[in-house]
Amino acid sequence: AAMLSQTIMQSILQVKKSADAKHIFIELAMDKELQVSHDANWLGEAIYNMLENSVKYSPFDSVIRVLAIQNEMYTQICISDSGIGIAEGEEGQIFQRFYRGKETDGQPGFGLGLYLSREIVLMHGGFVKARRKKPGLEISIFLP
């Protein structure tokens, strides 16, 4: 099993440049020894897509929190931002193919990032969940 912490760190590094450009700080908290059998490239891509989304829709000088914890049933990777968030009722829709949130006006994108992330997580036998915050969005990946 690849170390999940490595996979997460790698994804954070990939978005660091665009985060730095907006003075967005990515805060990481995780259980050190996260052992989850996963494909580092694919899962890394899923986490990267979610982080990239957070950076894209977050304001300058904000914080994106990444939390990874393990319990008896699941390993949860939670990405939380204080960006534009989603409208009520969009929690399930944002993972659909080509879906663009009502709030995304003028932002480039095809609505594929979160869809692909979800597909990758499903391939790993897991699931994803979105939760609205005020402001912002919290997206969690649950892996068996």
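The structure contained in this document is the topic of the report that follows. Because the structure is predicted, anything quoted here is derived from the model rather than measured.

### Observations regarding the environment of G44
Positionally, G44 belongs in helix α2 (residues 40–57). Of the residues examined, G44 reaches a relative accessible area of 6% and is grouped as buried. Put simply, G44 and M73 are 29 residues apart on the chain and 21 Å apart in space, counted from C-alpha to C-alpha. Apart from residues lying up to four places away in sequence, G44 is in contact with T7, S11 and D39.

### A word on the packing of α2 against helix α3 (residues 113–123)
What describes two packed helices is the angle between their axes and the distance between those same axes. Between α2 and α3, the least distance of the axes is 9 Å, while the angle of their chain directions is 150°. Of the possible angle classes, the one that applies to α2 and α3 is roughly antiparallel. Crossing of α2 against α3: the hand is left-handed. Between α2 and α3, the contacting residues are W42, L43, E45, A46, N49, M50 and N53 on the first element and G113, L114, L116, S117, I120, V121 and M123 on the second. Among the residues making up the contact of α2 with α3, the classes are represented as nine nonpolar, four polar and one charged.

### A look at the sheet that holds strand β4 (residues 127–132)
Here we have five strands laid out as an open sheet, ordered β1-β2-β3-β5-β4, and mixed in their pairing. This sheet does not close on itself; its edge strands, each paired only once, are β1 (25–30) and β4. This sheet shows a mean twist of 15° between the axes of neighbouring strands, independent of strand direction. As judged from the six bridges shared by strand β2 (residues 63–70) and strand β3 (residues 75–81), these two strands associate in the antiparallel manner. Pairing of L67 across the sheet is with C78, part of β3. Most of the contacts of α2 go to β3, to which it runs at about 20°, and overall it touches β2, β3, β4 and β5 (137–143). Set on the sheet, α3 makes contact with β4 and β5; between it and β5 the angle comes to about 25°.

### Some remarks on the environment of Q107
With respect to the helices, strands and loops of the structure, Q107 is situated in the loop between β3 and α3. As for Q107 and E72, which are separated by 35 residues in sequence, their C-alpha atoms are 39 Å apart. Those residues in contact with Q107 that sit more than four places away from it in its chain are K56, Y57 and R100.

### Some thoughts on the packing of aromatic side chains
Following the criterion strictly, the structure yields three aromatic pairs and no others. For the ring pair Y74 and F127, a centre distance of 5.3 Å and an interplane angle of 90° mean the geometry is edge-to-face. Of the two residues, Y74 is situated in the loop between β2 and β3 and F127 in strand β4; the sequence distance between them amounts to 53 residues. On the accessibility criterion, F127 (29% relative accessible area) is partly exposed.

Quick notes on the rules
- Residues numbered from 1 in each chain as written.
- Predicted model: local features only at pLDDT ≥ 70, side-chain atom pairs only at ≥ 80, totals over all residues.
- Heavy atoms only, no water.
- Helix = DSSP H or I, 4+ residues; strand = E, 2+ residues; numbered from the N terminus.
- Buried < 20%, exposed > 50% of the residue type's maximum accessible area, 1.4 Å probe, protein only.
- Contact = heavy atoms within 4.5 Å.
- Axes fitted to C-alpha atoms, helices over the stretch in contact; angles between N-to-C directions.
- Parallel < 35°, antiparallel > 145°, perpendicular 65-115°, else oblique.
- Left-handed = near helix turned anticlockwise from the far one by under 90°.
- Nonpolar A, V, L, I, M, F, W, Y, C, P; charged D, E, K, R; others polar.
- Pairing = 2+ DSSP bridges.
- Phe/Tyr/Trp six-rings, centres within 6.5 Å; stacked < 30°, edge-to-face > 60°.

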